Amino acid sequence: MEVPDEILILILERIDSHISLIRAAAVCKCWRHTITNTDFLCRYRSLHSSTIAGNYHYDTPEQSYLIGSRAEVRRSVGLVFVPSSPSIHTRHFSLDFLPGMIDFPSHWDIHDSRGSLLLMNHRESNSLPHRHMDMFVCEPLTRRFRRIPPPSYSNDDIYTFRGSYLIDGADSHINFSNFRVMCLFIRRHDDYFSFATVFNEVGGAGSSWSDKTIGDAEPLLPVMSFLGCTKDSWHFYALDGILATLNKSTGEFSTSLLPSTEDWSSLPWKKCYMNVGVIDSHDGATRIVVISEDNSAKVFARLDGGEWALERRLMLSEVTRGLSGYRPSFFNHRLCISTNGPGFVILTAQPAAPWFFSIDLETMKVALAASDMGHIVYQSELPWPPALKACLGN
């Protein structure tokens, strides 16, 4: 208690996580008053990256059903939260507060995540994919959700829905009262025409959809295939080895060239996500993982000049020999990317067999992996600023 205020600030600024900072605020009124100061929180955020609470992925447990006299095994899909550390309690990130989630979890899908928010889609069991879109933005930790009215093009047969994304709100920040939702559509006429419509949420007032142009990437949208989601961007493959990137802070598209060493013309663009992934590695840099026809895994890193250079290469038939269930025949087919997420990629030997293994992009070690993580893992951060109130009095 004898520490001068300026020294106390320097000490508290060096706390290494948001969770520890919240715990420090509970020590005494003096510490709480210092931590809840707006200037302190701004400095703290500039010194520390956001705290990752954990990841959401899809769980598909097998369930047996008796149909007449015949037993049938089906898989029911549910969303599972995996905490980033033991200090994060899974129950705080349950999605059971969403309407119908407990009784019909398979009716809910995650479309995107950004900061502490999730963009969810709810559909009835008999509805067509992406038709009659019922979108929700929710914040699991605070158990708040908001239904987003569908854009007017959602149920029009002339328009093809291509995806929905969470974009930062005003001042490049995102929270439950400050976010944007972007939906991409293709209008099918004699020539394809692509455009985006954006929902702006600012404090619950004046929220609406508005159309926007999408710049140089517009001619590429009809032929784009999803490659991966990094912390700040979505990435898509377009024809002729072009990488189209949607910046989730600005909501703008940009284009660049994929590694020139690869023969991109040999990849079917509609299924290239099965062999190529754009992923955040543990050091925060973006990597491109390519599974070649000889079943080698190539990892590319971006150089200062912007071009991609080969960083590592693994011959998968060799490095997986010690894994349980390994068969040489698995590698008679080209391996497929089943899941990509922060710092890892999961491959499968389909159609040869349901055998899954992961590659850690930091150590390049392989290990057996669960088969139920879905196509992408969605990352969830703790809300910022933390929900703290200053104490009155001494």
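Up top you'll find the structure we're talking about.
Keep in mind the model is a prediction, meaning the values are calculated, not measured.

(A) Looking closely at the overall build of the chain. From N to C terminus, the chain includes five helices and 25 strands. Out of the 394 residues in the chain, the part that is buried amounts to 47%. Expressed as a percentage of contacts within the chain between residues at least 6 apart in sequence, the contacts between residues at least 24 apart total 51%. Per element, the accessible surface of the chain, about 20,000 Å² overall, is 52% carbon and sulfur.

(B) Quick peek at the sheet that holds strand S4 (residues 78-83). Spatial strand order, S4-S1-S25: three strands in an open sheet with antiparallel pairing. Either end of the sheet is taken by a strand with one partner, and the two such strands are S4 and strand S25 (378-381). Ignoring strand direction, the axes of neighbouring strands in this sheet form an average angle of 30 degrees. Where strand S1 (residues 52-59) and S4 come together, six bridges link them in antiparallel fashion. Each residue of the ladder has a partner; that of Tyr 56, found in S4, is Phe 81.

(C) A nonpolar patch on the surface, seen in detail. Side chains of Val 3, Ile 7, Leu 10 and Ile 11 sit close together on the surface and give an oily, nonpolar patch of about 320 Å² of accessible area. Mapped onto the elements, Ile 11 comes out in helix H1 (residues 5-13).

(D) Focus on the packing of H1 against helix H4 (residues 38-47). Packing of H1 against H4 brings their axes to within 10 Å, and their N-to-C directions diverge by 40 degrees. By the criterion of interaxial angle, the relationship of H1 to H4 is oblique. The chirality of how H1 crosses H4 is right-handed. Contacts from Ile 9, Leu 12 and Glu 13 of H1 reach H4 at Phe 40, Arg 43, Tyr 44 and Leu 47. Taken together, the residues of the contact of H1 with H4 break down into five nonpolar, no polar and two charged.

(E) Quick peek at the sheet that holds strand S24 (residues 366-368). Across the sheet, four strands lie side by side as S21-S22-S23-S24; this open sheet has antiparallel pairing. Only two strands of the sheet have a single partner each, and these edge strands are strand S21 (336-341) and S24. Averaged over all neighbouring strand pairs, the angle between strand axes comes to 25 degrees, with direction disregarded. Alignment of strand S23 (residues 356-360) against S24, held across three bridges, turns out to be antiparallel. Along S24, the bridge assignment pairs Phe 357 with Leu 368.

(F) Broad picture of the pattern of salt bridges. Applying the stated criterion across every chain, the model contains 13 salt bridges. Taking the shortest distance from any N to any O, the salt bridge between Asp 112 and Lys 248 comes out at 2.8 Å. Of this pair, Asp 112 sits in strand S5 (residues 108-114) while Lys 248 sits in the loop between strand S15 (242-247) and strand S16 (253-257); the two residues are 136 residues apart in sequence, bridging distant segments of the chain. Assigned by exposure class, Asp 112 and Lys 248 land together as buried. Residue Arg 313 is joined to Asp 294 by a salt bridge in which the shortest nitrogen-to-oxygen separation is 3.0 Å. Remark: Asp 294 occurs in the loop between strand S18 (286-291) and strand S19 (296-302) and Arg 313 occurs in strand S20 (residues 308-315); sequence separation between them is 19 residues. Residue Arg 313 is classed as partly exposed on the basis of its relative accessible area, which comes to 45%. In this structure, a network of salt bridges that share partners links the residues Arg 114, Asp 168 and Asp 232.

(G) Fine view of unusual backbone geometry. Not every positive phi belongs to a glycine, and Asp 240 is a case in point at roughly 65 degrees. With respect to the element layout, Asp 240 can be found in the loop between strand S14 (233-238) and S15. Notably, Asn 295 is not glycine yet its phi reads approximately 60 degrees, a positive angle.

(H) Quick look at H4. Among all positions of H4, only Phe 40, Leu 41 and Tyr 44 are buried. Projected onto a plane normal to the axis of H4, the buried residues spread over an arc of 95 degrees and lie on a single side. Across from the buried face of H4, at angles greater than 90 degrees, the exposed residues are Thr 38, Cys 42 and Ser 46. Summarising the contacts, the buried residues of H4 are in contact with H1, helix H2 (18-25) and helix H3 (29-35). With a side-chain oxygen positioned 2.9 Å from the backbone nitrogen of Asp 39, the residue opening H4 is Asn 37.

(I) Broad picture of the pairing of S5. Of all seven residues in S5, seven are buried, a share of seventy percent or more. As paired elements, S5 and strand S6 (residues 117-122) share six bridges and run antiparallel to each other. For Ser 113, the partnering residue across the bridge sits in S6 and is Leu 118. Counted along the chain from S5 to the antiparallel partner S6, the turn is two residues long, and its residue Gly 115 has a positive phi close to 60 degrees.

(J) Representation of the packing of aromatic side chains. Enumeration according to the criterion identifies 19 aromatic pairs in this entry. Members of the aromatic cluster, each reached through a chain of ring pairs, are Tyr 165, Phe 226, Trp 234, Phe 236 and Phe 253.

(K) Representation of the environment of Ala 25 within the structure. Relative to the elements of secondary structure, Ala 25 occurs in helix H2. It is 8.1 Å that separates the C-alpha atoms of Ala 25 and Thr 36, two residues lying 11 residues apart in sequence.

Here is what the cut-offs are and how they apply
- Each chain carries its own residue numbering, running from 1 in the written order of its sequence.
- Per-residue local features are limited, in this predicted model, to residues with pLDDT of at least 70; the limit for side-chain atom pairs, both in listing and counting, is 80 or more; totals at the level of whole chains, interfaces and linings are taken over all residues.
- The basis for every side-chain value is the complete set of heavy atoms in the structure, and neither hydrogens nor water enter the calculation.
- The secondary structure listing takes helices from DSSP runs of H or I that are at least 4 residues long and strands from runs of E that are at least 2 residues long, numbered from the N terminus.
- The classification of residues rests on relative accessible area computed with a 1.4 Å probe and restricted to protein chains. Under 20% of the type maximum is buried, over 50% is exposed, and intermediate values are partly exposed.
- By definition in these notes, contact holds between two residues if any of their heavy atoms fall within 4.5 Å.
- Method for areas: the Shrake-Rupley scheme with a 1.4 Å probe, in which residue coverage is limited to the protein chains shown.
- Any two strands with at least two DSSP bridges between them are considered paired.
- Every angle, taken between N-to-C directions, lies between 0 and 180 degrees, and every axis is a line fitted to C-alpha atoms, over only the stretch in contact when it is a helix.
- Note on patches: the residues involved have over 30% relative accessible area and no salt bridge, like charges join within 9 Å, and the nonpolar side chains Val, Leu, Ile, Met, Phe, Trp and Tyr join within 5 Å.
- We define a salt bridge as a side-chain nitrogen of Lys or Arg found within 4 Å of a carboxyl oxygen belonging to Asp or Glu.
- Here the word oblique covers every angle except those under 35 degrees (roughly parallel), over 145 (roughly antiparallel) and from 65 to 115 (roughly perpendicular).
- A crossing counts as left-handed when the near helix is turned anticlockwise from the far one by less than a right angle, and as right-handed when that turn is clockwise.
- For this classification, Asp, Glu, Lys and Arg are treated as charged, while Ala, Val, Leu, Ile, Met, Phe, Trp, Tyr, Cys and Pro are nonpolar and the rest, including Gly, are polar.
- Here the arc refers to the set of directions running from the helix axis out to each C-beta atom.
- Distance and chemistry together define a polar contact, namely a pair of N or O atoms within 3.5 Å, with one atom able to donate a hydrogen and the other to accept it when in protein, and with adjacent residues in sequence counting only for side-chain atoms on both sides.
- To pair, rings of Phe, Tyr and Trp, with the six-membered ring standing in for Trp, must have centres within 6.5 Å; the planes then decide the type, stacked if under 30 degrees apart, edge-to-face if over 60, and tilted in the middle.

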